[in-house]
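Overview (structure and organization)
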Amino acid sequence: DAGITQSPRHKVTETGTPVTLRCHQTENHRYMYWYRQDPGHGLRLIHYSYGVKDTDKGEVSDGYSVSRSKTEDFLLTLESATSSQTSVYFCAISVQGRGGYTFGSGTRLTVV
Amino acid sequence: QQQVKQSPQSLIVQKGGISIINCAYENTAFDYFPWYQQFPGKGPALLIAIRPDVSEKKEGRFTISFNKSAKQFSLHIMDSQPGDSATYFCAATLIGTPLVFGKGTRLSVIA
């Protein structure tokens, strides 16, 4: 997706290991979000950011932390991965914190 | 607490037919209601959106109908095509808060 990239696209990791997912934008948007997508649950908000070093928790934040030291990068860290964190993770950006979000292509994470 | 309830979970429609997906919300302060379309392996993409001061918005074959008193809104896809086969999400928000999504509807349009 133009202006927003997620890395890695796929990752397999072992239970108990830390994992960091990266979201990079070239749009200079103030707002960035991390969602997870699971069958039967739709998209659930993990954390979001409304500026550099300004972050807040979402609906399913337990076991996750985030950091935003630059406008363009928003990192999601699974402190100690568990099998319940196997999911597809999407990053999104927004100009005004409402309205149309632009989503990345997602990271498929498998915790074994 | 599920703030946006979406139905049905899955939908099969004949080519040329009308696809209808419904959503209900609880928070009367919500003031922006978008629909997103997602193809396999891709991120969701904004399809169409509506604000509660209008009852209907149409863009091509896609129409949102909004019923403020019933706290419901729906997506209608006219003349459904196989290329419309995707997962559709409704969402809602109020200023200063992130989008809350429904659980999604998987639409299959068959020839």
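Residues numbered from 1 in each chain as written. Chains lettered and ligands numbered in written order. Predicted model: local features only at pLDDT ≥ 70, side-chain atom pairs only at ≥ 80, totals over all residues. Heavy atoms only, no water.

1. Let's talk about the interface of chain B and chain A
Counting residues at the interface gives 19 residues for chain B and 19 residues for chain A. For the pairing of chain B and chain A, the buried interface totals around 1,500 Å² over both sides, and the portion due to carbon and sulfur atoms is 54%. The largest share of the area that chain B buries against chain A comes from Pro44, Pro98 and Phe101 of chain B, three residues that together contribute 31% of it. At the boundary of chain B and chain A, one finds zero salt bridges. Looking at side-chain class alone, the side of chain B that touches chain A contains 10 nonpolar, five polar and four charged residues. (Contact = heavy atoms within 4.5 Å. Buried area = accessible area lost by both parts, 1.4 Å probe. Salt bridge = Lys/Arg side-chain N within 4 Å of Asp/Glu carboxyl O. Nonpolar A, V, L, I, M, F, W, Y, C, P; charged D, E, K, R; others polar.)

2. Side note on the pattern of salt bridges
All names here are of chain A. Taken as a whole and judged by the stated rule, the model has six salt bridges over all chains. Close ionic contact of aspartate 73 with arginine 22 constitutes a salt bridge, the shortest N to O distance being 3.1 Å. A residue pair is termed long-range when its members are at least 10 positions apart, and aspartate 73 in strand E8 (residues 73-78) and arginine 22 in strand E3 (residues 19-25) qualify at 51 residues. The exposure class of aspartate 73 is buried, given its relative accessible area of 8%. Judged by its relative accessible area of 35%, arginine 22 falls in the partly exposed class. As a salt-bridge pair, arginine 44 and aspartate 38 come within 3.0 Å of each other at their nearest N and O atoms. Grouping residues by exposure puts arginine 44 and aspartate 38 together as buried. Each of Arg22, Lys70 and Asp73 takes part in salt bridges that share partners, so that together they form one network. (Helix = DSSP H or I, 4+ residues; strand = E, 2+ residues; numbered from the N terminus. Buried < 20%, exposed > 50% of the residue type's maximum accessible area, 1.4 Å probe, protein only.)

3. Structural notes on the nonpolar core
All names here are of chain B. Within the largest apolar cluster, 24 residues are counted, with the highest numbers of intra-cluster contacts made by Phe33, Trp35, Phe73, Leu75, Tyr88 and Leu107. Going through the elements one at a time, strand E2 (10-14), strand E3 (19-25), strand E4 (33-38), strand E5 (45-50), strand E7 (62-67), strand E8 (72-77), strand E9 (86-92) and strand E11 (105-110) are the ones with two or more residues in this core. With four residues, the single largest contributor to this core is E9. Apart from residues lying up to four places away in sequence, phenylalanine 73 is in contact with Ile21, Asn22, Cys23, Tyr25, Phe33, Trp35, Ser65, Phe66, Cys90 and Ala91. (Core = buried A, V, L, I, M, F, W, Y, C linked by side-chain atoms within 4.5 Å.)

4. Focus on the state of the cysteines
Counted by the stated rule, this structure contains two disulfides over all chains. In this model, cysteine 23 of chain A is linked to cysteine 91 of chain A through a disulfide, with the two sulfur atoms separated by 1.9 Å. Residues cysteine 23 of chain A and cysteine 91 of chain A share a disulfide whose torsion about the S-S bond is about -75°; that sign makes it left-handed. Of this pair, cysteine 23 of chain A sits in strand E3 while cysteine 91 of chain A sits in strand E9 (residues 87-94), placing them 68 residues apart in sequence. Of the two residues examined, cysteine 23 of chain A and cysteine 91 of chain A, each falls in the buried class. The disulfide that involves cysteine 23 of chain B links it to cysteine 90 of chain B, with 1.8 Å between the sulfurs. Between cysteine 23 of chain B and cysteine 90 of chain B the disulfide shows an S-S torsion of about -90°. By sign, it is left-handed. Remark: cysteine 90 of chain B occurs in strand E9 and cysteine 23 of chain B occurs in strand E3; sequence separation between them is 67 residues. Given the relative accessible area of 2%, cysteine 23 of chain B is considered buried. (Disulfide = S-S within 2.5 Å.)

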